[in-house]
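Chain by chain, the residues run as shown.
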Amino acid sequence: MNNINTYIRNKSIIAFLIFGLGITSAIFAWKWLHSQPKIDGAYAPLRKTLELNESIFKRLVSQGHLVKTYPVSAADKKVRYNGADGLQSPLDPNWKLQVVKAVGDTIFITLDDIKKLPKTDIVFDFKCVEGWSQVTHWGGVKMTDFLKHYGLEEQSKMSWVGMNTPDKKYYVGLDMPSALHPQTLLCYEMNGLPLPVNQGYPLRLIIPVKYGIKHLKRIGTIFFSNQRPPDFWAEKGYDYFAGL
Ligand SMILES: Nc1nc2c(c(=O)[nH]1)N[C@H]1C(S)=C(S)[C@@H](COP(=O)(O)O)O[C@H]1N2
Ligand SMILES: [Mo]
């Protein structure tokens, strides 16, 4: 009898010690994580996980994976709009797209010039990280057609593309494989009509392999870099790549 009591007591003590050890290590792990430096708003170890996810995603893109498309008839006529950062000031009536080929070498391109390039339409399920999605219809020039037309092959060998609104208040960074994805558009039409102002008139990005946060509205400047460009939502802790 006594032996059994001793046995139960010892078991309880061991269970209690293991429980205590578990709690203590959880607290230490939490403290350790919060003592780590932040990279783009996320603690370094968590950022590492996001980057691992991204390397898997990049492989998918380079294998030529296409986002699912829909017939035009499936597109919603009442398109939701979301996000007005960088759209607050009135648009300069003399707006031109600025493409920085190199430091001190910027080209200025009008909307009419962009409209002369081959046009591509896409109907796809536009997804916002906030949890909604909508099948919508967009038209514009494929990023790859645009880059070829303007002789930007050398720039396309760099690792990153950056885009800003004219007032620089909203900005995105894109990995080159996603920028060169065949479904990525410099877009000037929605439902076959010029973009509404709150939807990014005169020119916005449509990059179906990524969440809405990357689809910059009202593009002012495009530049190329081997360093990762600043990114509005990544700075607030969202995944830099925001791939689907
Ligand atoms: N300039 C600018 N572009 C932006 C945003 C913004 O706030 N400012 N919001 C983004 C987000 S979070 C989403 S979901 C999409 C929404 O595009 P829509 O308004 O055409 O639906 O735009 C993206 N592009
Ligand atoms: Mo979004």
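Residues numbered from 1 in each chain as written. Chains lettered and ligands numbered in written order. Predicted model: local features only at pLDDT ≥ 70, side-chain atom pairs only at ≥ 80, totals over all residues. Heavy atoms only, no water.

Structural notes on the overall build of the chain
We apply this condition: Only DSSP runs of H or I covering at least 4 residues are called helices, and only runs of E covering at least 2 are called strands; the numbering of each starts at the N terminus. Residue burial is assigned from relative accessible area. The probe radius is 1.4 Å, only protein chains are included, and a residue is buried under 20% of its type maximum, exposed over 50%, and partly exposed in between. Contacts were defined at the residue level, with two residues in contact if any of their heavy atoms lie within 4.5 Å.
Counting secondary structure elements, the chain contains 6 helices and 12 strands. When the 244 residues of the chain are sorted by exposure, 41% land in the buried category. Within the chain, contacts between residues at least 6 apart in sequence are counted, and of these 66% link residues at least 24 apart.

Thoughts on the sheet that holds strand S7 (residues 160–164)
Note on sheets: strands pair through backbone hydrogen bonds, and any given pair is parallel or antiparallel. What counts, and what does not: Strand pairing requires that DSSP identify at least two bridges connecting the strands. Between N-to-C directions, angles span 0 to 180 degrees; the directions come from axes that are lines fitted to C-alpha atoms, helices contributing only their stretch in contact.
Read from one edge of the open sheet, 5 strands run S4-S3-S12-S7-S8, paired in mixed fashion. Each edge of the open sheet is held by one strand with a lone partner, namely strand S4 (105–109) and strand S8 (171–175). With strand direction ignored, the average angle separating the axes of adjacent strands in the sheet is 20°. Where S7 and S8 come together, 5 bridges link them in antiparallel fashion. The residue bridging Gly162 from the neighbouring strand is Gly173, located in S8.

Some thoughts on the pattern of salt bridges
Rules: We count a salt bridge whenever a side-chain nitrogen from Lys or Arg sits within 4 Å of a carboxyl oxygen from Asp or Glu.
The final tally for this structure, using the stated rule, is 7 salt bridges. Where Lys127 meets Asp125, a salt bridge forms, and the shortest distance between an N and an O atom there is 3.9 Å. Of the residues examined, Lys127 reaches a relative accessible area of 32% and is grouped as partly exposed. Relative accessible area serves as the criterion here: at 18%, Asp125 is assigned to the buried category. Look at the salt bridges and you will find they share partners, linking Lys119, Asp121 and Glu189 into a network.

Considerations on the environment of Ala84
One can find Ala84 in the loop between helix H2 (44–62) and strand S3 (97–102). The exposure class of Ala84 is partly exposed, given its relative accessible area of 33%. C-alpha separation for the pair Ala84 and Gly200, spaced 116 residues apart in sequence, amounts to 9.1 Å.

Description of the site of ligand 1
This is how it is decided: Any residue with a non-hydrogen atom lying within 4 Å of a molecule or strand is treated as near it. By the criterion applied in these results, polar contacts are pairs of N or O atoms within 3.5 Å in which, for protein atoms, one can donate a hydrogen and the other can accept it, and in which residues neighboring in sequence qualify only through two side-chain atoms. The Shrake-Rupley method, run with a 1.4 Å probe sphere, supplies the accessible areas, and residue values consider only the shown protein chains as cover.
Residues in contact with ligand 1 amount to 20 residues; listed here are only the nearest, Arg80, Asn82, Asp85, Arg204 and Lys217. One of the backbone nitrogen or oxygen atoms of Asp85 is found 2.7 Å away from a nitrogen atom of ligand 1. Between Gln199 and ligand 1, the recorded distance is 3.0 Å, taken from a side-chain N or O atom to an oxygen atom. Across the complex, the protein chains shield 97% of the 530 Å² of accessible surface that ligand 1 would expose by itself.

Examining the environment of Lys214
Tracing the sequence through the fold places Lys214 in the loop between strand S11 (204–206) and strand S12 (221–225). Counting along the chain gives 18 residues from Lys214 to Phe232, while the straight-line C-alpha distance between them is 9.2 Å. A distance of 2.8 Å separates a polar side-chain atom of Lys214 from the backbone oxygen of Gly173.

Describing the side chain of Gln183
When you line up the elements, Gln183 lands in the loop between helix H6 (176–179) and strand S9 (185–190). Among the polar contacts listed, one links the side chain of Gln183 to the backbone nitrogen of Val67, at a separation of 2.7 Å. Among all residues touching Gln183, those that are not within four sequence positions of it are Leu66, Val67, Thr69, Ile122, Ile206 and Pro208.

Brief notes about the nonpolar core
For clarity, the threshold we go by: What we call a nonpolar core is a set of buried Ala, Val, Leu, Ile, Met, Phe, Trp, Tyr and Cys residues that are connected through their side-chain atoms within 4.5 Å.
Membership of the largest hydrophobic core comes to 47 residues, with the highest contact counts inside it found for Leu97, Trp138, Phe146, Met163 and Leu186. Element by element, the count of residues in this core is highest for S9, at 5 residues. The contact partners of Met163, leaving out residues within four places of it in the chain, are Met143, Tyr170, Tyr171, Val172, Leu174, Leu186, Leu205, Leu216, Ile219, Thr221, Ile222 and Phe223.

Notes on the pairing of S8
Of all 5 residues that make up S8, 5 are buried, and the element is covered over most of its length. Of the two faces of S8, both are covered, the one formed by Tyr171, Gly173 and Asp175 as well as the one formed by Val172 and Leu174.

Comments concerning unusual backbone geometry
The omega angle of the peptide bond from Tyr201 to Pro202 is 5°, so this bond is cis rather than trans. Relative to the helices and strands, Pro202 is located in the loop between strand S10 (193–194) and S11. Here the phi dihedral of Arg218 falls at roughly 55°; this positive angle occurs in a residue that is not glycine. Residue Arg218 is classed as buried on the basis of its relative accessible area of 3%.

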